[in-house]
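Coordinate analysis (summary)
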Amino acid sequence: MPSHKLRVAIVGGGVGGMVFAVALSQHPDIAVDIYERAQEFTQVGAGVGIWPRAFRVLQKLGRGVEQGLLRVTLNEWSEKYEPSIIFRRGDLSMGHDLFQLVSKGNLMRFHRADFHAVLLAHLGPSITTHTSKRLASYSQPSASQPITLSFADGTTATCDLLIGADGVRSSVRAAMMRDLATVQPPRAEEFLSCADPVWSGIVSYRMLIPAEKLRALDPNHRSLTETVQWCAKDGFVLSYPISLGKYVNFVGFTADPALMASAYSDDPSTRPKFQGEWVRQVSAADFKRVFPQFEPEVQTLLDVGEGGTIWSVHVTRHLPTMCCGRVALIGDAAHAMMPFQGSGAGQAIEDAYLLASLLGHRTTDGSPQAIQKALAVYDHVRRPYSADVARRSQYNGRLYTFNADFGPEDPRKMQDVMTRGWEWAWETELDGDIRRAIDMLESGARATA
Ligand SMILES: Cc1cc2nc3c(=O)[nH]c(=O)nc-3n(C[C@H](O)[C@H](O)[C@H](O)COP(=O)(O)OP(=O)(O)OC[C@H]3O[C@@H](n4cnc5c(N)ncnc54)[C@H](O)[C@@H]3O)c2cc1C
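Note that the structure is a prediction, hence the values are computed from the model and not measured.

Its domain assignment divides the protein into domain 1 (6–77 + 108–196 + 318–448) and domain 2 (198–315). Of note, the centres of domain 1 and domain 2, computed from C-alpha atoms alone, are 25 Å apart. Counting residues at the interface gives 31 residues for domain 1, matched by 35 residues for domain 2. For the pairing of domain 1 and domain 2, the buried interface totals around 2800 Å² over both sides, and the portion due to carbon and sulfur atoms is 65%. The largest contributions to the domain 1 side of the interface with domain 2 come from Arg109, Met338 and Tyr400, which together make up 20% of the buried area.

All right, on to the side chain of Asn396 then. Along the chain, the position of Asn396 falls in helix H13 (residues 368–400). Its relative accessible area of 3% is what places Asn396 among the buried residues. Among the polar contacts made by the side chain of Asn396, one reaches the main-chain carbonyl oxygen of Phe340 at a distance of 3.0 Å. Contacts of Asn396, omitting those with residues within four sequence positions, involve Phe340, Gln341, Met418 and Trp422.

A separate point is the packing of helix H12 (residues 344–360) against H13. Look at H12 against H13: their axes get within 10 Å of each other, and the N-to-C directions meet at 165 degrees. It follows from the interaxial angle that H12 and H13 lie roughly antiparallel. Between H12 and H13 lies a crossing of right-handed hand. Every residue of H13 that contacts H12 at Gln347, Glu350, Asp351, Leu354, Leu355, Leu358 and Leu359 is listed here: Ala374, Leu375, Val377, Tyr378, Val381, Arg382, Tyr385, Ser386 and Val389. Residue composition of the contact of H12 with H13, grouped by class: 11 nonpolar, two polar and three charged.

Turning to unusual backbone geometry, a few remarks are in order. Among all residues except glycine, the phi angle is most often negative; among peptide bonds, the trans geometry is most common. Positive phi outside glycine occurs at Ser132, with the angle close to 55 degrees. Locating Ser132 in the fold gives a position in the loop between strand E7 (127–130) and strand E8 (135–139). The partly exposed category is assigned to Ser132, whose relative accessible area is 39%. For Asp234, which is not glycine, the phi torsion reads 65 degrees and is therefore positive. The residue Asp234 is located in the loop between strand E13 (228–232) and strand E14 (235–242) in this model.

The next subject is the pairing of strand E17 (residues 308–315). Of all eight residues that make up E17, eight are buried, and the element is covered over most of its length. Here strand E12 (residues 198–210) pairs with E17 via seven bridges, running antiparallel. If you follow Ser204 over to E17, its bridge partner there is Trp311. Of the pairings in the sheet, the one linking strand E16 (residues 279–282) to E17 comprises four bridges and is antiparallel in character. The partner of Val279 across the bridge, within E17, is Trp311.

Another aspect to go through is the pattern of salt bridges. Across all of its chains, the model carries 28 salt bridges by this definition. The shortest N-O distance in the salt bridge between Arg89 and Asp91 comes to 2.8 Å. Of the charged contacts in the structure, one is a salt bridge between Arg382 and Glu350, with a shortest N-O distance of 2.8 Å. Here the residue Arg382 occupies a position in helix H13, and Glu350 occupies one in helix H12, the gap between them amounting to 32 residues. On the basis of relative accessible area, Arg382 is assigned to the buried category, the value being 0%. For Glu350, a relative accessible area of 1% puts it in the buried group. The structure contains a network of salt bridges with shared partners spanning Arg53, Glu350, Asp351, Arg382, Asp433 and Arg436.

Looking now at the sheet that holds strand E1 (residues 6–11). The strand order E7-E2-E1-E11-E19-E18 describes an open sheet built from six strands, whose pairing is mixed. For this open sheet the edge positions go to E7 and strand E18 (323–324), each flanked by a neighbour on one side alone.

Secondary-structure assignment places His111 in strand E6 (residues 108–111). The class of His111 is buried, set by a relative accessible area of 10%.

Rules behind the numbers
Residues numbered from 1 in each chain as written. Predicted model: local features only at pLDDT ≥ 70, side-chain atom pairs only at ≥ 80, totals over all residues. Heavy atoms only, no water. Domains from an automatic or database assignment. Contact = heavy atoms within 4.5 Å. Buried area = accessible area lost by both parts, 1.4 Å probe. Helix = DSSP H or I, 4+ residues; strand = E, 2+ residues; numbered from the N terminus. Buried < 20%, exposed > 50% of the residue type's maximum accessible area, 1.4 Å probe, protein only. Polar contact = N/O pair within 3.5 Å; in protein donor to acceptor, adjacent residues only side chain to side chain. Axes fitted to C-alpha atoms, helices over the stretch in contact; angles between N-to-C directions. Parallel < 35°, antiparallel > 145°, perpendicular 65-115°, else oblique. Left-handed = near helix turned anticlockwise from the far one by under 90°. Nonpolar A, V, L, I, M, F, W, Y, C, P; charged D, E, K, R; others polar. Pairing = 2+ DSSP bridges. Salt bridge = Lys/Arg side-chain N within 4 Å of Asp/Glu carboxyl O.

Here it is in structure tokens:
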């Protein structure tokens, strides 16, 4: 029986939970249990784009992960400046290109299920997976006792460290915020206001279009080979090929500008909750009804579409902290954001890798004090970064939907502002933040030695 310095429970086997588990596989002295509420580890039928900064983090998970990912995408990994997204004015009888976004390195585009399958295949022997395990609650007694997890099926489990990777509707976040409100009554309102997600004013319509069907109608349709975004007042449509060209990923958005603008307001009363269902199936006819104002190229996509899902896009408020004692949040549980920089998953990947590096570091010896120190450093480094990305995403949404203070009449300015606001995703690396975090951990360890 190998001895482990630490037993970690991860609640949620989505992008963040899975990357965290693969990263912890590099530290076999840490035992990991992943608890996923679904019957199997999989993802919604939709695409996901990964920018170079996040893809470089995935490369750190090992050659097997990198090669596995490259086998399921049409995109080649590149360090050169590459055309990434064509932005078009879409709400005219015949639209026109506004500009082409150029990024250093490709936007790597995947079917979410393919992406997930690669990660799942690279879990190390120190990782144990559990499906059909929906966390109902947890209790964190004194530091000398393990944390107890209680599941909806009536079973329980224990761990030394609990990571909430359970997405935007996180049960771990809700319980953590309630705990913090109890121990810090003067700040109770602040903590409790962050327990639940809030609607962003955005609704998204997602479907996968069989590429063969599109090719039969229009063999030169750009969505078969390129990433194209059609912008319009209060809505936009994005498409790109995934699954080695088998499908075209279609995602259309409608925006309520008043609510979009208020999504990060400090006043919760300005952000009413979405009243409808969170996710539901809709028909091809529903898609056509929502996007009639778009040009013929988009109508062709809608003509061959077979229906899909409608999602009310929720976000979290900026949390006062992402950890409490020996419990921490990663990914959307900590900072669900508007998806307008294609970076929510990227931020989950960054959280996961940086936190795994801290936990795997030799100074994190498994004692409650060492765990709490690692979590405090993680919170210090990652929370402002993801909040900044959330703000940039929100601003991109305003540009795409012509709700900024300039618009398609000045495409050059749109291009400049958008490129500058997005450069972090391809011009910078997580490595500097990892080094800074490790320095903090080591200097903290020296100070307490
Ligand atoms: C329309 C749209 C397009 C997007 N496009 C992109 C993109 O191109 N690029 C990008 O980087 N990001 C994109 N995002 C954002 C991205 O999808 C999320 O940021 C990312 O999935 C977050 O990963 P996560 O692991 O934190 O959460 P999730 O992927 O939501 O995973 C959470 C997991 O936890 C499980 N779970 C939940 N509750 C419990 C519980 N109580 N017990 C046990 N398990 C539980 C869930 O079943 C799920 O498996 C997009 C988002 C939207 C809405």
